[in-house]
Amino acid sequence: MTTATCYRRHAVITEQDVATAAAAVCWARAAAWTELAALTARWRAATPFPHLVVDDLLSEDDLATVMAVLDDEVVELYQADLYAFDATAPEPASAGLRALRASLTAALAPPLGALCGRALGRADLRAFGYRPGHHLLPHTDHQVELGRVLAYIYYLPTPRPPRGGELELYRCRREGDELVDITSAARVEPRPNRLVVFEVGATSLHQVREVEEGLRLSLAGWFYP
Amino acid sequence: MVLPVTTLDDVVGGRVAVVRPHMIDGAARAAARAALEATGYRRLLGIDRAAAELCERPDLPALVARARTLATAATGGAGVVRACFAVRLRAGDYVLAHHDLVESGPIAGVEVMFDLSEAVVPGAVVHYRRRGQVYAELPSDPSAAAVVERGPAVTSNHTYLSKAVGAATVVRLVVRLG
């Protein structure tokens, strides 16, 4: 990790004001959520593994609130053999981000639980910034002891839209402890106000392709039982 | 008599980790790369572990002999060659720590790694890790060699090569002795 930075964009009133607004963000506004049967059919039919893309997730006002929450969030560089990106701490440090996590969980856990056939109880949430050269190499999020059921990414607008940074999904199968017959099967562009949700499983191999220019901003985390 | 052992890691982990500059000049590197090309590379399978090319049976006896000399100088004894291979990386390539090219089994002994690249490639680094934490590295330095004592607690990874490096190529020869 290196020196902390933050992506300030908006003037902030007070942390409490922002937190109050964040708690009221309507994450399930998109028309898609009212047609759960159709959504479930899309989920099941998606390849290479169940996933869902919902565009125009938030209203303009709610999106502005989310961006205001992020104004004061401190991110640090996280780097390992698998990844390099800026991110907030695993546990949100601000009341605003905690309120966003609560409103997102309350709104999306029920429909997403219905979608995947599992009761979902909690979610975590971090903000991520990918600058040029940042990446997250192919991996699965599956770790039995952690109990992750679904992964989600919500893309945010940035002053410099990214080139690269797509979510790439792979088709593969498991043979013993190894993933074999791996082929690229889908790419999701990091389009602002877009939510991507996908199933966490032993073969849900994916990566975030290297950002070559600009800045890719997102909120992301997992849903748990 | 009390032995000066402070942690279990001193027993099972590697202790020597040095980088020696100016070990091989440009002409010798070019000849080594040509020999590797003639032997042939194969693309590694399994992008959840590595994306790189591997030359499994390099015919570079002079460099292997140099590796033995370096290992002996650094550790007092080198043993026999347990494994020898070359790795070639291009933009977008990497080798993760949990792969570590362990096809030949657990690693113990001394590893000598030569950077045979034509030129410096920004960001092309080999990290040696103990329990996941980087404690030594071989930076991109054509002509340099790393000598690292390895035990079960030590892994290594070849860092992701950004697309910004364009057509640049990294070639590393790995000689494991023990």
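Up top is the structure these notes are about.
Residues numbered from 1 in each chain as written. Chains lettered and ligands numbered in written order. Predicted model: local features only at pLDDT ≥ 70, side-chain atom pairs only at ≥ 80, totals over all residues. Heavy atoms only, no water.

S.K.: Would you explain the overall build of chain B in this entry?
M.R.: A count of helices and strands for chain B gives three helices and 12 strands. Excluding contacts between residues fewer than 6 apart, the proportion of contacts in chain B whose partners are at least 24 apart in sequence is 80%. For chain B, the accessible area works out to roughly 8100 Å², and carbon and sulfur atoms hold 58% of it. (Helix = DSSP H or I, 4+ residues; strand = E, 2+ residues; numbered from the N terminus. Contact = heavy atoms within 4.5 Å. Areas by Shrake-Rupley, 256 points an atom, 1.4 Å probe, with all protein chains shown as cover.)

S.K.: Help me understand the interface of chain A and chain B in this model?
M.R.: Buried accessible area, meaning the area lost when the parts come together, often serves as the stated size of an interface. Taken residue by residue, the interface counts 15 residues in chain A and 14 residues in chain B. Overall, the association of chain A and chain B removes approximately 1200 Å² of surface from exposure, summing both partners, and the carbon and sulfur fraction of that is 58%. On the chain A side of the interface with chain B, the three residues burying the most area are A:Asp81, A:Leu137 and A:Glu210, jointly 45% of the side's total. Remark: the boundary between chain A and chain B carries one salt bridge. In this structure, B:Arg49 engages A:Glu178 in a salt bridge whose closest nitrogen and oxygen atoms are separated by 3.7 Å. When contributions to the side of chain A that touches chain B are tallied by element, the ones reaching two or more residues are strand S6 (135-139) and strand S10 (178-188) of chain A. (Buried area = accessible area lost by both parts, 1.4 Å probe. Salt bridge = Lys/Arg side-chain N within 4 Å of Asp/Glu carboxyl O.)

S.K.: Can you help me understand the environment of A:Arg160 in this one?
M.R.: All names here are of chain A. Within the element layout of this structure, Arg-160 appears in the loop between strand S7 (150-156) and strand S8 (163-164). Taking C-alpha positions, Arg-160 is 8.1 Å from Glu-213, a pair spaced 53 residues apart along the chain. Excluding residues that lie within four positions of it along the chain, Arg-160 makes contacts with Gly-214 and Leu-215.

S.K.: Teacher, can you tell me more about the pairing of strand S14 (residues 216-224) of chain A here?
M.R.: A regular strand carries its side chains on alternate faces of the sheet. All names here are of chain A. Most of S14 is tucked away: eight of the nine residues are buried. Pairing of strand S4 (residues 122-123) with S14 involves two bridges; the strand directions are antiparallel. From the neighbouring strand, Arg-122 faces S14, where its bridge partner is Tyr-224. Pairing analysis gives five bridges linking strand S5 (residues 126-130) to S14, with the strands arranged antiparallel. Bridge assignment links Ala-127 to a residue of S14, and that residue is Leu-219. (Buried < 20%, exposed > 50% of the residue type's maximum accessible area, 1.4 Å probe, protein only. Pairing = 2+ DSSP bridges.)

S.K.: What is the right way to read the side chain of A:His51 from this model?
M.R.: Residue and element names in this part refer to chain A. Structurally, His-51 can be placed in strand S1 (residues 51-54). A polar contact is formed between the side chain of His-51 and the backbone oxygen of Phe-49, at a distance of 2.9 Å. Every residue in contact with His-51, bar those within four places of it in the chain, is listed here: Arg-42, Trp-43, Ala-46, Leu-169, Val-197 and Phe-198. (Polar contact = N/O pair within 3.5 Å; in protein donor to acceptor, adjacent residues only side chain to side chain.)

S.K.: In this structure, what is going on with the environment of B:Leu177? I would like to understand it.
M.R.: Residue and element names in this part refer to chain B. Among the structural elements, Leu-177 can be located in strand S12 (residues 170-177). Look at Leu-177 and you get buried, because its relative accessible area is 1%. Contacts of Leu-177, omitting those with residues within four sequence positions, involve Ala-67, Arg-68, Ala-71, Ala-78, Gly-79, Val-80, Val-81, Arg-82, Ala-108, Gly-109, Val-110 and Val-112.

S.K.: Please explain the sheet that holds strand S4 (residues 53-55) of chain B as it appears in this structure.
M.R.: Hydrogen bonds between backbone groups are what pair the strands of a sheet, and the pairing can be parallel or antiparallel. All names here are of chain B. The antiparallel open sheet is built from seven strands, whose spatial order is S1-S10-S7-S12-S5-S4-S2. In this open sheet, the two strands that pair with only one neighbour each are strand S1 (17-20) and strand S2 (42-43). Note that strand S7 (residues 109-115) and S12 share six bridges and pair antiparallel. Considered in S12, the bridge of Phe-114 is made with Leu-173. Here helix H3 (residues 61-75) sits on the sheet and contacts S1, strand S5 (81-89), S7, strand S10 (145-150) and S12; the angle it forms with S7, its principal contact strand, is near 125 degrees. (Axes fitted to C-alpha atoms, helices over the stretch in contact; angles between N-to-C directions.)

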